[in-house]
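In case you want the letters, here they are:
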Amino acid sequence: KSRETADPAADSSPKLAATEHRDEAASKKNLCVKAAKEHNIPEDLNKVLENKVMETVSDLSYVKLSVVEMTCSGDADSEGIVSKSVSSHSDLIPGVYEGGLKIWECTFDLMEYFSEAEIDFTNKTVLDLGCGAGLLGIVALRGEAARVHFQDYNSTVIDEITLPNVVANCSSEGRRMGSGKDRKASKPPSKRPRKAEGSPDALNRCRFFSGEWSQVSQLLLNSNKPCSKYDIILTSETIYNPDYYSALHDTLAQLLDRNGRVYLASKVHYFGCGGGIYLFEKFIEEKSVFRTSMVKTIDQGLQRCIMEISFK
């Protein structure tokens, strides 16, 4: 109930058929385009992990959200998304906070698929799009990817969640990626702040960005450090809102290498938001730029899918 109240998209029909609604959503989006920026990696990595409590899942370390909610305020959360999310009891405030503080279940589906399908990240350039906790990109990094870039809508997510997670998993304390089969067997959180020793080489292969997809694309393509296009783009639970499909499609078209692959994990349908895997698949078909393939379906709980996308 609280999410429905806090989520403006919840009152819309799943098909978003009303022209008025679409026009209103588009005008609102145009008014609040979130500028892109690159986040520098601090020289003192211990400061990145200061006051952070880490938990473990699938042999990866990640920041405990409840501690971030208690300690993140002021300049550390200039967007105010932590307090807004907590006060509204919402994991989604469209145009303000897009869910990056939480690890969503399709992330684990995609991690398991990497192992099952033996996806090879060696020497690949990888983008973790809508990264949130950044676990997908961290797996690619441990798989010897040449470069991994992380993007999230919110700068607070990058600074307080993504970057600490990457530092924690790339430090000398980090461990090799497990099979992911026993993800529920989490270790108890550390009682002391995590310390990062030295400047891990893996971090030199990373860049971090926040902002709306269209803005991030322009920043990447036009910056002083222009990047080559990506061999692999990873994205999980980013197609919940049909209003964002055009921006996501254009971003993939602009940033994916001609021979590259996108691996997208999603629920079949997002109740209250209207999006879902088959709606996005239809959107892609109508654009006629990419071909798609459903490479895995998970029937436990809400049905979920993994889609592979490549250029025609």
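Residues numbered from 1 in each chain as written. Predicted model: local features only at pLDDT ≥ 70, side-chain atom pairs only at ≥ 80, totals over all residues. Heavy atoms only, no water.

**Details of the side chain of T156**
So, point 1. Turning to its location among the elements, T156 is positioned in helix α8 (residues 155-170).
So, point 2. Excluding residues within four positions of it along the chain, T156 makes contact with C72, A76, D77, S78, E79, I81, V82 and I161. (Helix = DSSP H or I, 4+ residues; strand = E, 2+ residues; numbered from the N terminus. Contact = heavy atoms within 4.5 Å.)

**Things to note about the packing of aromatic side chains**
So, point 1. For the structure on display, the rule yields nine aromatic pairs.
So, point 2. Ring centres of F280 and F283 lie 6.4 Å apart, and the angle between their planes is 5 degrees; this geometry places the pair in the stacked category. With F280 and F283 both in helix α11 (residues 277-287) and three residues apart, the pair spans about one turn of that helix.
So, point 3. In this structure an aromatic cluster arises from ring pairing among Y240, Y244 and Y270.
So, point 4. If you follow K102 out to its NZ or CZ, it ends over the ring of W104, 4.4 Å from the centre. (Phe/Tyr/Trp six-rings, centres within 6.5 Å; stacked < 30°, edge-to-face > 60°. Lys NZ or Arg CZ within 6 Å of the ring centre and 35° of its normal.)

**Things to note about the side chain of N165**
So, point 1. Looking at the secondary structure, you find N165 in helix α8.
So, point 2. For N165, a relative accessible area of 1% gives the class buried.
So, point 3. Here the side chain of N165 touches V63 through a polar contact of 2.7 Å, landing on its backbone nitrogen.
So, point 4. Looking at N165, its side chain comes within polar contact range of the main-chain oxygen of A133, at 2.9 Å. (Buried < 20%, exposed > 50% of the residue type's maximum accessible area, 1.4 Å probe, protein only. Polar contact = N/O pair within 3.5 Å; in protein donor to acceptor, adjacent residues only side chain to side chain.)

**Overview of the sheet that holds strand β10 (residues 304-311)**
Each strand in a sheet pairs with its neighbour through backbone hydrogen bonds, running either in the same direction (parallel) or in the opposite one (antiparallel).
So, point 1. With respect to topology, eight strands assemble into an open sheet ordered β1-β6-β5-β4-β7-β8-β10-β9, the strand pairing being mixed. Every other strand in the sheet has two partners, leaving β1 (37-39) and β9 (290-298) as the edge strands with one partner each. With strand direction ignored, the average angle separating the axes of adjacent strands in the sheet is 20 degrees.
So, point 2. For strand β7 (residues 230-236) and strand β8 (residues 256-267), the ladder comprises six bridges, and the chain directions are parallel. Within β8, the residue paired with S236 across the bridge is A265.
So, point 3. Together, β4 (125-129), β5 (147-152), β6 (206-210) and β7 form the strand contacts of helix α7 (residues 135-142), whose direction differs from that of β5 by roughly 175 degrees.
So, point 4. Lying on the sheet, α8 is in contact with β1, β5 and β6; it crosses β6 at an angle near 160 degrees. (Pairing = 2+ DSSP bridges. Axes fitted to C-alpha atoms, helices over the stretch in contact; angles between N-to-C directions.)

**Describing helix α9 (residues 213-222)**
Think of an α-helix as turning once every 3.6 residues; residues three or four places apart then point the same way.
So, point 1. Of all the residues in α9, the buried ones are W213, V216, S217 and L220. For α9, the angular spread of the buried residues around the axis is 105 degrees, confining them to a single face. (Arc of directions from axis to C-beta.)

**Describing the nonpolar core**
Looking at soluble globular proteins, one finds that nonpolar side chains tend to be buried together.
So, point 1. Membership of the largest hydrophobic core comes to 52 residues, with the highest contact counts inside it found for F121, L135 and V166.
So, point 2. Residue contributions to this core peak at eight residues, all from α8.
So, point 3. Beyond its immediate stretch of four places on either side in the chain, L135 contacts V57, L60, S61, Y62, I103, T107, F108, M111 and D128.
So, point 4. Counting 33 residues, the second-largest nonpolar core is a separate cluster that includes W213, C227, L256 and I309. (Core = buried A, V, L, I, M, F, W, Y, C linked by side-chain atoms within 4.5 Å.)

**Topic: the environment of V57**
So, point 1. On the secondary structure map, V57 appears in strand β2 (residues 54-57).
So, point 2. Taking the C-alpha atoms as reference points, V57 and F108, separated by 51 residues in sequence, lie 9.5 Å from one another.

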